[in-house]
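# Fold and contact review
Residues per chain are reported as follows:
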Amino acid sequence: MNRALSRLLSIFSFCAISVHALASATPISSQPIKMVVNDWTSQIVLSKIVGSIFEQTGHKVEYVTLSTNKQWGALARGLAHVQVEVWEGTMSEMFNRMVAEAAIVDMGSYRAQTREEWWYPAYVAELCPGLPDWKALRDCAALFAVAGTAPQGRYVAGPWEKPDEARIRALGLNFIPVKVKHGDELWVELARAEKAGEPIVLFNWSPNWVEAVYDGAFVEFPAFAPDCETDPAWGINPKFLYDCGNPTGGWLKKAAWAGMATSWPMAHKILAAIDLSNAEFAQLAAMVDVDGLSHDEAASLWLAEHEQLWRTWIPKNQQADAHHP
Ligand code: TMO
């Protein structure tokens, strides 16, 4: 490779991936790897990060915006290929079924441990004594009432959860779940309530940027057990399913289309190797939701600041993929 070309390439390649390897690699698959993009911050930023790493290693990449409900069919049919965040609390049922049917591939867990649950800012505990025990919400429901739910309390729900109405019924709570359309609206509701000192209970998860900015806690429902969701006799309500909370210490996984390994073997290896901690996920989300960067800016900055880490995810003898799906 001549020097001018080499210099030019290094200008465009801020990372230290071997310019020679990129320039001399066999032509990559002409098919783009399609990344599932959902609607919460860390997932969006991480999709772009992983997509950029795939591009840096010679792949074409496209982004497909899909709800978590619609992603399963798309991944099974090869209309999308990679999902970088599958959360146990909200997605384990579909994920486990699809993996069992070999419709998608389990690409491994992050070391991050997760929780997705009803959550309240700390000042709410003074208004509703007994929190975080869920039984406090039986007595305090009216506190959370708003126009449209009064006299019942409002639970501000995200667009991803498992049946909250079923849980509310099974636990005898006097609440109505009101779903936001996009994850970001949760934080608008939280900021508004906090400013006004108004009671609020809303969906939240960890790792997330929220824990670094707001004092608060998850509601402690009866501990999760798989039988809670399949056997009505399980738990404090013998007639209904869902008389329990979501898992604590839940897993967070990556998933791929079943043809990933044969179509893009190197990208498949990279995806398998990707691992992040709770703090690293929280930091990703904070770059956008606290620092105000766009998703793309956050992804670029993260790649620039964590080059040492993400280079360890790339196989040593990198070879651009030559296969077609
Ligand atoms: C899937 N989520 C992290 C938004 O709960």
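Anything mentioned here points back to the structure above.
Residues numbered from 1 in each chain as written. Predicted model: local features only at pLDDT ≥ 70, side-chain atom pairs only at ≥ 80, totals over all residues. Heavy atoms only, no water.

### Quick notes on the overall build of the chain
Along the backbone of the chain there are 15 helices and 10 strands. For the chain, buried positions account for 51% of its 325 residues. Long-range contacts, defined here as pairs at least 24 residues apart, represent 71% of the contacts in the chain between residues at least 6 apart. Surface summary for the chain: the accessible area is close to 14800 Å², and the carbon and sulfur share equals 53%. (Helix = DSSP H or I, 4+ residues; strand = E, 2+ residues; numbered from the N terminus. Buried < 20%, exposed > 50% of the residue type's maximum accessible area, 1.4 Å probe, protein only. Contact = heavy atoms within 4.5 Å. Areas by Shrake-Rupley, 256 points an atom, 1.4 Å probe, with all protein chains shown as cover.)

### A closer look at the site of the ligand
The environment of the ligand is formed by Trp40, Trp87, Thr90, Met91, Glu116, Trp160, Phe203 and Trp205. Glutamate 116 places a side-chain nitrogen or oxygen 2.5 Å from an oxygen atom of the ligand. Relative to its free-state accessible area of 210 Å², the ligand is covered by the protein chains to the extent of 100%. Counting only elements with at least two residues in the shell around the ligand, the list comes to α5 (88-100) and β8 (202-206). A class-by-class count of the residues in the shell around the ligand yields 6 nonpolar, 1 polar and 1 charged. Viewed by domain, the shell around the ligand spans two of them, domain 1 (3-113 + 249-321) and domain 2 (115-229), each represented by three or more residues. (Near = heavy atom within 4 Å. Polar contact = N/O pair within 3.5 Å; in protein donor to acceptor, adjacent residues only side chain to side chain. Nonpolar A, V, L, I, M, F, W, Y, C, P; charged D, E, K, R; others polar. Domains from an automatic or database assignment.)

### Observations regarding the pairing of strand β10 (residues 252-257)
Where burial is concerned, most of β10 is hidden: 6 out of the 6 residues are buried. In the sheet, strand β3 (residues 82-87) pairs with β10 via 4 bridges, with the strands oriented antiparallel. By the bridge assignment for β10, glutamine 83 is matched with alanine 255. Relative to β10, strand β4 (residues 104-109) is paired through 4 bridges, and the arrangement is antiparallel. Looking at the pairing, valine 105 lines up with alanine 256 of β10. (Pairing = 2+ DSSP bridges.)

### Describing the state of the cysteines
In a disulfide, the sulfur atoms of two cysteines are covalently bonded to one another. This model, assessed by the stated rule, comprises 2 disulfides. Across a sulfur-sulfur distance of 2.3 Å, cysteine 128 and cysteine 140 are joined as a disulfide pair. With the S-S dihedral at roughly 105 degrees, the linkage between cysteine 128 and cysteine 140 falls on the right-handed side. Taken together, the residues span a long stretch of sequence, with cysteine 128 in the loop between α6 (123-127) and α7 (135-140) and cysteine 140 in helix α7 at a distance of 12 residues. For cysteine 228, the disulfide goes to cysteine 244, at an S-S distance of 2.1 Å. Every disulfide takes its handedness from the sign of the S-S torsion; for cysteine 228 and cysteine 244 that torsion is -100 degrees, giving left-handed. One end of the pair, cysteine 228, is in the loop between β9 (216-218) and β10; the other, cysteine 244, is in the loop between β9 and β10, and 16 residues separate them in sequence. Residue classification places cysteine 228 among the buried positions, given a relative accessible area of 0%. Judged by relative accessible area, which is 2%, cysteine 244 ranks as buried. (Disulfide = S-S within 2.5 Å.)

### Observations concerning the packing of helix α13 (residues 278-289) against helix α14 (residues 295-305)
Look at α13 against α14: their axes get within 9 Å of each other, and the N-to-C directions meet at 135 degrees. The orientation of α13 relative to α14 falls into the category oblique. Crossing of α13 against α14: the hand is right-handed. Here Gln283, Leu284, Met287 and Val288 of α13 lie close against α14, whose contacting residues are His295, Ala298, Leu301, Trp302 and Glu305. Split into classes, the residues belonging to the contact of α13 with α14 amount to 6 nonpolar, 2 polar and 1 charged. (Axes fitted to C-alpha atoms, helices over the stretch in contact; angles between N-to-C directions. Parallel < 35°, antiparallel > 145°, perpendicular 65-115°, else oblique. Left-handed = near helix turned anticlockwise from the far one by under 90°.)

### Concerning the pattern of salt bridges
Under the counting rule described, the total for this entry stands at 10 salt bridges. Among the ionic pairs, lysine 48 bridges to aspartate 296, the shortest N-O distance being 3.2 Å. Taken together, the residues span a long stretch of sequence, with lysine 48 in helix α3 (residues 41-56) and aspartate 296 in helix α14 at a distance of 248 residues. Look at lysine 48 and you get buried, because its relative accessible area is 18%. On the accessibility criterion, aspartate 296 (46% relative accessible area) is partly exposed. The residue arginine 111 makes a salt bridge to aspartate 275 at a minimum N-O spacing of 2.9 Å. Highlighted residues: arginine 111 in the loop between β4 and β5 (115-121) and aspartate 275 in the loop between α12 (265-273) and α13, separated in sequence by 164 residues. Owing to a relative accessible area of 22%, aspartate 275 belongs among the partly exposed residues under this scheme. Look at the salt bridges and you will find they share partners, linking Arg111, Asp275 and Glu280 into a network. (Salt bridge = Lys/Arg side-chain N within 4 Å of Asp/Glu carboxyl O.)

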